[in-house]
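Structural features, examined
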Amino acid sequence: MQITLESKPFAGIESEALVSYVFEESDPVQGRVAEINKLAGGLLGRLAKSGELTGKTLEFTLIHAPAGLKAARLLLVGAGKREQFNSATLRKVAGAALRYLKSRSVKNLAVLVREGDTTAESTQTIAEGTLTADFESDKYKTDKKNDKKIESVAIAGYSDSERAAGEKGLVKGRTIADSQNFARDLVNEPSNKMTPTILAQKAEAMAKAAGLSVEILDEKKIAELKMGALLSVAQGSVEPPRMVVITYNPPSAKPGAPVIGLIGKAVTFDTGGISIKPADGMEKMKYDMAGGATMIGVMRALAALKPNVKVICVVPSTENMPGGHAQKPGDIQTAMSGKTIEVLNTDAEGRLILADGVHYAKQLGATHLIDAATLTGAVVVALAGINVGVFGSDQAFTDKLLASAKVAGEKMWQLPMDEEYREFIKGTVADIQNIGSGKGGGATIGAMFIKEFTGDSPWIHLDIAGTAWNDDAKPWLAKGPTGVALRTLVHLIMSY
Ligand code: BES
Ligand code: ZN
Ligand code: ZN
């Protein structure tokens, strides 16, 4: 899909559809929409009066052959209350408009940015909204001859003096959205086409193309480094594990400055192991590598956006399988850090591989740690598919991330990490155990376990189990992988 900045006045744009947005207020026909209304002989005013055009969030009003416009259609999308309007709403509005028109076989559209909104942020947001909305998880459908396809999106409404900023935002938005879709492509692959070996190859190819340094640790190297927690999960599978390490190290990074460590869980299939999962819905566990995919996608974006901070990405990857070699409940493992772990449930495997991932990132020099993982069913119970569960050991660092999430339009909610929860994972026969002894608090307990390996480093854990996969399509996003947390992390890192 092509996306460009259009400099023609909107009335003269010969698109299949001109899209703009209206606010929910006593008179939604204002500003540029009032200009359109004038050209259209007062039609919009009449629709508003009759109650058909209200500006309510994601209300669609489609007008064919609008008078006074060269465009074949006019689509007005409700953007809600003006006081609450922000980039998160604009992103959804743009994405939902694209999917609405695509489903009606429209191939090109122009988005008219409203008066006062013609900034770099708006082009970035619209690029992100439309490009991520255009993604479909239909790679393995062979009959695509009736597929609907958007060929181009034009962004309109920018004056000559606003153009340079608009172009800049557009390039940034395109980079971020392409990286998010890159991560979604990885997550969308089934486990027979996305083993740890394949994931590592794809990460390596991306890193090389982007000019990032990359190292792939194979099972031998992983054993040499004594990554006992990762190996314990991998031992049940015929597929060997991998540890992907990608580094972005700009010349502008000063000695002694923070080094960000991004650690992503990449279990390419989670059967649960000997503590096997029920058959119903198990197919979804191909997305248990979404945390790793997100972090690899973040690195792709950073390579192009060039922040001034060093970033080390560590992605431990394995399958979690039952079998003759699989670890068994009660087994005791020694993590790379030297801590011993009693594995009471082999299905709590994400925290095991992250234990070694986090420790290794620190060893490589990361001072600030962020992990992303489809870690617990408990976070789905707590927050459903709406919010990412956020856990942090340093409130200032966590607040920074939550602020970035707001700008990026990704909903995140902080959950507690009180010391009292540590009791639940205190070991009886080893240093710690991998599941809680009591009842409840499952998402926090998973986080508490990872914290054991972070030492004094400021650390944030993102539990994306509920948000990395859309069971149903949203008006602005297809069913399937979401690429959640990527935009937030890119924004956070760019703010250094
Ligand atoms: N990969 C799962 C978590 C998960 C659940 C991801 C639902 C996506 C959707 C994780 O490895 C797991 O199985 N966690 C267990 C932990 C439990 C045994 C303490 C869980 O949440 O049930
Ligand atoms: Zn599991
Ligand atoms: Zn898992």
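For the structure itself, look to the data block above.
It should be emphasised that the depicted structure is a prediction, and the values quoted were computed from it without experimental measurement. (Residues numbered from 1 in each chain as written. Chains lettered and ligands numbered in written order. Predicted model: local features only at pLDDT ≥ 70, side-chain atom pairs only at ≥ 80, totals over all residues. Heavy atoms only, no water.)

Quick word on the site of ligand 1
Around ligand 1, the surrounding shell holds 16 residues, and the nearest of these are Lys277, Asp288, Asp347, Glu349 and Gly377. The separation between an oxygen atom of ligand 1 and a polar main-chain atom of Gly377 is 2.7 Å. For ligand 1, the accessible surface in isolation is 520 Å², of which the surrounding protein chains cover 78%. Partitioning the shell around ligand 1 into residue classes produces 5 nonpolar, 4 polar and 7 charged. (Near = heavy atom within 4 Å. Polar contact = N/O pair within 3.5 Å; in protein donor to acceptor, adjacent residues only side chain to side chain. Areas by Shrake-Rupley, 256 points an atom, 1.4 Å probe, with all protein chains shown as cover. Nonpolar A, V, L, I, M, F, W, Y, C, P; charged D, E, K, R; others polar.)

Describing the pattern of salt bridges
Per the stated rule, a full pass over the model turns up 23 salt bridges. Notably, a salt bridge pairs Arg242 with Glu219, separated by 2.8 Å at the nearest N-O pair. With Arg242 in strand β8 (residues 242–248) and Glu219 in helix α7 (residues 219–224), this pair connects stretches of sequence that are 23 residues apart. The salt bridge partner of Asp270 is Lys277, with a shortest N-O separation of 3.9 Å. Residue Asp270 is classed as buried on the basis of its relative accessible area, which comes to 2%. Each of Arg99, Lys102, Asp134 and Glu136 takes part in a single network of salt bridges with overlapping partners. (Salt bridge = Lys/Arg side-chain N within 4 Å of Asp/Glu carboxyl O. Helix = DSSP H or I, 4+ residues; strand = E, 2+ residues; numbered from the N terminus. Buried < 20%, exposed > 50% of the residue type's maximum accessible area, 1.4 Å probe, protein only.)

A few points about the packing of helix α5 (residues 163–188) against helix α9 (residues 290–305)
Viewed as axis vectors pointing N to C, α5 and α9 meet at an angle of 155°, and their least axial separation amounts to 8 Å. Accordingly, the angle class assigned to the pair α5 and α9 is roughly antiparallel. Of the two elements, α5 crosses α9, and the hand of that crossing is right-handed. From α5, Lys172, Thr175, Ile176, Asp178, Ser179, Phe182, Ala183, Leu186 and Val187 reach across to α9, where they touch Ala290, Ala293, Thr294, Ile296, Gly297, Arg300, Ala301, Ala304 and Leu305. (Axes fitted to C-alpha atoms, helices over the stretch in contact; angles between N-to-C directions. Parallel < 35°, antiparallel > 145°, perpendicular 65-115°, else oblique. Left-handed = near helix turned anticlockwise from the far one by under 90°. Contact = heavy atoms within 4.5 Å.)

A short note on the coordination of the zinc ion (ligand 2)
The textbook angles at a metal center are 109.5 degrees for a tetrahedron of four donors and 90 or 180 degrees for an octahedron of six. With distances of 2.0 to 2.2 Å, the protein atoms coordinating the zinc ion (ligand 2) are Asp270 (OD), Asp347 (O), Asp347 (OD) and Glu349 (OE). Considering all 6 donor atoms around the zinc ion (ligand 2), angles at the metal cover 70 to 167° and the coordination shape is irregular. Here the donor residues of the zinc ion (ligand 2) share one chain and are spaced in sequence as D-x76-D-x1-E. On the accessibility criterion, Asp347 (22% relative accessible area) is partly exposed. (Donors = N, O, S within 2.8 Å, 3.2 Å for Na, K, Ca; no water. Tetrahedral: all angles 85-135°; square planar, octahedral: opposite > 155°, others 65-115°.)

Observations concerning the environment of Lys479
With respect to the element layout, Lys479 can be found in the loop between β19 (469–470) and β20 (480–481). Sequence separation between Lys479 and Trp469 is 10 residues; the distance between their C-alpha atoms is 7.6 Å. In this view, Lys479 contacts Ser137, Asn470, Asp471, Asp472 and Ala473; residues no more than four positions away in its chain are not counted.

Some thoughts on the pairing of β8
Regular strands have side chains that alternate between both faces of the sheet. Burial analysis of β8 places 7 of its 7 residues in the buried class, which makes it a mostly covered element. The alternating pattern of β8 places Arg242, Val244, Ile246 and Tyr248 and Met243, Val245 and Thr247 on opposite faces, both of which are buried. Where strand β7 (residues 213–217) and β8 come together, 5 bridges link them in antiparallel fashion. Paired with Ile216 across the bridge in β8 is Val244. Here β8 pairs with strand β11 (residues 310–320) via 7 bridges, running antiparallel. Its bridge partner lying in β11, Thr247 is registered against Ile312. (Pairing = 2+ DSSP bridges.)

Some details on the sheet that holds strand β4 (residues 73–78)
Pairing within the open sheet is mixed, and its 6 strands lie in the order β1-β6-β5-β2-β4-β3. Lying at the two open borders of the sheet, with one neighbouring strand each, are β1 (2–5) and β3 (60–64). Averaged over all neighbouring strand pairs, the angle between strand axes comes to 20°, with direction disregarded. Bridging between β1 and strand β6 (residues 152–156) involves 4 bridges; their strand directions are parallel. Directly across from Thr4, in β6, lies its bridge partner Ala154. Contacts from helix α2 (residues 43–50) reach β3 and β4, with the element oriented near 140° to β3.

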